[in-house]
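# Structural overview for review
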Amino acid sequence: MKNVYITSMGVHLPGPAINNDEIEDYLGKINNEPSKLKHRILKQNGIQSRHYAIDKEQKTYINNASMAANSVINAIDKSNVRLDKIQLLATGTTQADLPIPGFGSMVHAKLPVNKCEIASLFSKDFPSIKSIF
């Protein structure tokens, strides 16, 4: 068995950063009323902005598999690994875009990589992780 090392990490954030004042423009209001707890919760969690994969009409404009593929490309760009040398693509998510095909297959289809082994992992595959949620 060969050693495996993490040599790079990638990220993809969908769309522009949305500030706290715009949250309800994207997620909607409850009974058409602004949240009564929003300011208190935001003050406690300290989050200043966030990214959503939806627009103000709550329509998805990028799916999980595409965001994962963009993250892979970002990680590869920061490493000395070439896409054509990838032998294993392991993915993990709590919620895939579709029940089938597996999430790893969907991400692989969006990447310019050769044939490789694919692993699709979910939180249910790891009981210790599942108990946290």
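Residues numbered from 1 in each chain as written. Predicted model: local features only at pLDDT ≥ 70, side-chain atom pairs only at ≥ 80, totals over all residues. Heavy atoms only, no water.

### Considering the layout of surface pockets
In this structure, the largest pocket spans a volume of roughly 1,200 Å³. As for the largest pocket, its lining consists of 28 residues, and the residues nearest its centre are Val4, Tyr5, Ile6, Ile86 and Leu88. Going through the elements one at a time, helix H3 (64-77), strand S3 (88-93) and helix H4 (103-109) are the ones with two or more residues in the lining of the largest pocket. (1 Å grid on protein atoms, 1.4 Å probe; cavity = no way out; pocket = protein on both sides within 12 Å on 5 of 7 lines; lining within 4 Å. Points joined across faces, edges and corners; volume = space filled by probe spheres on them. Helix = DSSP H or I, 4+ residues; strand = E, 2+ residues; numbered from the N terminus.)

### Things to note about the pairing of strand S4 (residues 117-122)
Across 6 bridges, the pairing between S3 and S4 is parallel. Across the sheet, Thr91 pairs through a bridge with Ser120, a residue of S4. Crossover handedness for the path S3 to H4 to S4: right-handed. (Pairing = 2+ DSSP bridges. Right-handed = clockwise from strand over helix to strand, strands pointing away.)

### Regarding the nonpolar core
In a soluble, globular protein the nonpolar side chains are often hidden away together inside. Core analysis: the biggest nonpolar cluster contains 14 residues, and Ile86, Leu89, Val107 and Leu111 have the highest contact counts within it. For this core, the secondary-structure elements that each account for two or more residues are H3 and H4. Examining the composition of this core, we find that 4 residues originate from one element, H3, more than from any other. In contact with Leu89, not counting residues within four places along its chain, are Val72, Gly104, Val107, His108, Leu111, Cys116, Glu117, Ile118 and Ala119. If you look at the next biggest cluster of nonpolar residues, it comprises 6 residues, including Ile18, Ile23, Leu42 and Ile54. (Core = buried A, V, L, I, M, F, W, Y, C linked by side-chain atoms within 4.5 Å. Buried < 20%, exposed > 50% of the residue type's maximum accessible area, 1.4 Å probe, protein only. Contact = heavy atoms within 4.5 Å.)

All quantities given are derived from atomic positions and should not be read as evidence of function.
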